[in-house]
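The chain contents come next:
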Amino acid sequence: MAPWKALPEHLDPQAGRLVDRLRRLKDATGLSFTALATRTSYSRSSWERYLNGRKLPPADAVTELAVLAGADPDRMLALHTLAAQTWTGPQPKDAATPGTSGAGPEPTEPEPEPDPGAAPEAAATAPAPAPAEPDAPAAVPPALIGEPDAPAEPVRARPAWRTLLAAGGALVVVAAVLAVVVTLVLPGRGSAGAGEEEHRRTATEEFAFKPDRTYDCDIHRFEGRLYAGHSDTQDALLQQISTTWEVVEAQCLLEHRGYRIGGIDGAYGPATERAVKRLQDKEGLVVDGIMGPHTWEALRR
């Protein structure tokens with residue numbers, strides 16, 4: 001597949017990010033422009049303009065390409081919303097036409113004839129009508145990406161159902177953006193905190209002891225310390241009759257190190273106390289059967 005041509009210099013970074021992501025989605029589908037037109041509601045010439053950065057693609061086109069490539073349409077629509085706010089080129093006027101093959105450009109409506117009686121000044125300042133696009137060849141190699149701008153297509157009425165679909169998509173994008181903002185501003189959920197939390201899935205529900213219940217252990221290392229996925233404590237004091245998620249964490253790590261306690265149930269009973277004493281004796285700690293900072297340090301090594 002031929003490399004893509006450089007994007008126009010006038011594109012804003014947000015717009016360039018959208019076009020670059022759309023190019024990668026097209027490459028992922030393995031479809032040519034002609035094949036892409038047959039699989040979507042937009043013509044081959046329209047896709048060429050969208051993917052060369054000459055025209056902002058409609059939200060519906062972004063959604064259709066994301067679905068074809070197996071990407072998340074909501075994330076692509078969020079990029080489209082940001083790009084639309086800063087796009088400096090022509091705004092999209094393409095309307096999808098269900099049932100068309102999309103192999104060629106859309107028809108161009110004829111321009112109205114000039115009024116013979118119009119004032120000379122008006123005739124001199126009136127813009128010349130844009131020529132209609134020539135029929136596109138049956139197949140054009142990808143090397144032609146980056147051709148000169150094609151004439152602008154005429155505005156066509158958008159079907160009512162597509163207008164409703166676009167409005168619904170915009171609402172979904174706004175909701176997604178708000179959810180991201182709320183997540184980022186909540187205490188302890190910034191980018192640094194999120195990175196530190198990825199190493200474990202600590203329990204968030206309140207612990208309730210049930211005699212017949214056992215828990216799974218997710219043993220892994222993070223920054224040189226051993227974790228089991230239930231608590232990240234380094235100094236919780238545990239002794240007999242304790243029933244907490246910290247007890248589940250300690251029991252998982254004890255079992256992992258070979259100190260058998262019979263079952264991971266979250267209750268600090270005699271078997272757990274004996275296992276802690278064996279660990280303390282091996283590590284040269286005070287053998288009192290109580291989990292404290294020094295015992296946690298030895299257990300997480």
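Small disclaimer: the values here were computed from a predicted structure and weren't measured.

What follows concerns the overall build of the protein. A tally of helices and strands in the protein yields eleven helices and two strands. Considering the protein as a whole, with its 301 residues, one finds that 36% of them fall into the buried category. For the protein, long-range pairs separated by at least 24 residues make up 63% of all intrachain contacts whose partners lie at least 6 apart in sequence. Total accessible area on the protein stands at roughly 17200 Å², and carbon and sulfur atoms take up 57% of it.

The predicted coordinates should not be examined in detail at positions where pLDDT is low. Overall, the predicted model of the protein reaches an average pLDDT of 76, with 65% of residues at or above 70. Ranking the elements of the protein by mean pLDDT puts helix H6 (residues 120-125) last, at 41, and helix H11 (residues 293-300) first, at 95. Taken together, the stretch residues 97-152 has pLDDT below 50 and engages in 62 contacts with residues farther than four places along the chain or on a different chain.

Let us look at the state of the cysteines. By definition, a disulfide is the covalent link that joins the sulfur atoms of two cysteine residues. As enumerated under the stated definition, the model contains one disulfide in all. In this model, Cys217 is linked to Cys252 through a disulfide, with the two sulfur atoms separated by 2.0 Å. Disulfide Cys217 to Cys252: torsion about the S-S bond roughly -75 degrees, handedness left-handed. Pair noted here: Cys217 is in the loop between helix H8 (191-197) and strand S1 (220-222) and Cys252 is in helix H9 (residues 245-256), with a separation of 35 residues, a long-range link. Here Cys217 falls in the partly exposed class, since its relative accessible area comes to 34%. A residue is classified by how much of its surface remains accessible, and Cys252, at 2% relative accessible area, is buried.

You can see His80 is positioned in helix H5 (residues 73-86). Separated by 2.7 Å, the side chain of His80 and the backbone oxygen of Pro57 make a polar contact. If we skip the residues at most four places from it in the chain, His80 touches Leu18, Leu56, Pro57, Pro58, Ala59 and Val62.

A word on the packing of helix H1 (residues 13-29) against H5. The geometry of H1 relative to H5 is characterised by a closest axis approach of 7 Å and an angle of 145 degrees between their N-to-C directions. The two elements H1 and H5 cross, and the hand of that crossing is left-handed. Together, Gln14, Ala15, Arg17, Leu18, Arg21, Leu22 and Leu25 of H1 and Met76, Leu79, His80, Leu82, Ala83 and Thr86 of H5 make up the contact between the two elements. Taken together, the residues of the contact of H1 with H5 break down into eight nonpolar, three polar and two charged.

Moving on, we come to unusual backbone geometry. The phi torsion of most residues other than glycine is negative, and most of the peptide bonds are trans. Even without being a glycine, Glu223 presents a positive backbone phi close to 50 degrees. As for its position among the elements, Glu223 is in the loop between S1 and strand S2 (225-227). Glu223 gets classed as exposed once you look at its relative accessible area, which sits at 69%. One non-glycine residue, Ile241, lies in positive phi territory at about 80 degrees. Here Ile241 falls in the exposed class, since its relative accessible area comes to 80%.

Attention shifts here to the pattern of salt bridges. Scanning the entire structure with this criterion turns up five salt bridges. When the shortest N-O distance is used, the salt bridge between Glu255 and Arg260 registers 2.8 Å. For Arg260, a relative accessible area of 55% puts it in the exposed group. With its nearest N and O atoms 2.7 Å apart, the salt bridge here joins Arg301 to Glu283. Of this pair, Arg301 sits in the segment after H11 while Glu283 sits in helix H10 (residues 270-283); the two residues are 18 residues apart in sequence, bridging distant segments of the chain.

Another point: the nonpolar core. Ranked by internal contacts, the top residues of the largest apolar core, which has 23 residues, are Leu238, Val248, Leu254, Met291, Trp296 and Leu299. Among the secondary structure elements, those contributing two or more residues to this core are H9, H10 and H11. At seven residues, H9 tops the list of elements feeding residues into this core. Setting aside anything within four residues of it in sequence, one finds Leu254 in contact with Tyr259, Thr272, Ala275, Val276, Leu279 and Leu299. In terms of nonpolar packing, the next biggest core, distinct from the first, is built from 22 residues, Leu11, Trp47, Tyr50 and Met76 among them.

Our next topic: H5. End to end, H5 covers 21 Å across 14 residues, agreeing with the expected 20 Å (1.5 Å per residue, within 8%). Buried within H5 are the following residues: Met76, Leu77, His80 and Ala83. Viewed end-on, H5 has its buried residues packed into an arc of 120 degrees, placing them on one side of the element. Residues of H5 that are exposed and point more than 90 degrees away from the buried face comprise Arg75 and Gln85.

The rules behind the values
- Residue positions within a chain follow its written sequence, with the count starting from 1.
- Reporting of local features is limited, given that this is a predicted model, to residues whose pLDDT is at least 70; pairs of side-chain atoms are given and counted only at 80 or more, and all residues count toward the totals for whole chains, interfaces and linings.
- The side-chain numbers reported here are obtained from all heavy atoms of the structure, hydrogens and water having been left aside.
- In this text, helices come from DSSP runs of H or I with a minimum length of four residues, and strands from runs of E with a minimum of two, each type numbered from the N-terminal end.
- The buried label applies to any residue whose accessible area, calculated with a 1.4 Å probe on protein chains only, is under 20% of its type's maximum; exposed applies above 50%, and partly exposed to all values in between.
- Contact definition: two residues touch when any of their heavy atoms are within 4.5 Å.
- Methods summary: accessible areas were calculated by the Shrake-Rupley approach with a probe of 1.4 Å, and residue burial reflects only the protein chains presented.
- Note on scores: pLDDT gives the predictor's confidence for each residue, bounded by 0 and 100.
- Disulfide assignment relies on a single distance test, namely cysteine sulfur atoms paired within 2.5 Å.
- Polar contact is defined as a pair of N or O atoms within 3.5 Å, subject to the rule that within protein one atom must be able to donate a hydrogen and the other to accept it, and that residues adjacent in sequence are counted only when both atoms are side-chain atoms.
- Axis angles are defined between N-to-C directions and span 0 to 180 degrees, where every axis is a line fitted to C-alpha atoms and, for a helix, only to the segment in contact.
- Left-handed describes a crossing whose near helix is turned anticlockwise from the far helix through less than a right angle; right-handed describes the clockwise counterpart.
- Under the convention adopted here, Pro, Cys and the residues Ala, Val, Leu, Ile, Met, Phe, Trp and Tyr are nonpolar, Asp, Glu, Lys and Arg are charged, and Gly plus all remaining residues are polar.
- Salt-bridge detection follows one rule: a side-chain nitrogen of Lys or Arg within 4 Å of a carboxyl oxygen of Asp or Glu.
- Here, the term nonpolar core denotes a set of buried Ala, Val, Leu, Ile, Met, Phe, Trp, Tyr and Cys residues that are joined through side-chain atoms within 4.5 Å.
- Multiplying 1.5 Å by the residue count of a helix minus one yields the expected span of that helix.
- The arc in question is formed by the directions pointing from the helix axis toward the C-beta atoms.

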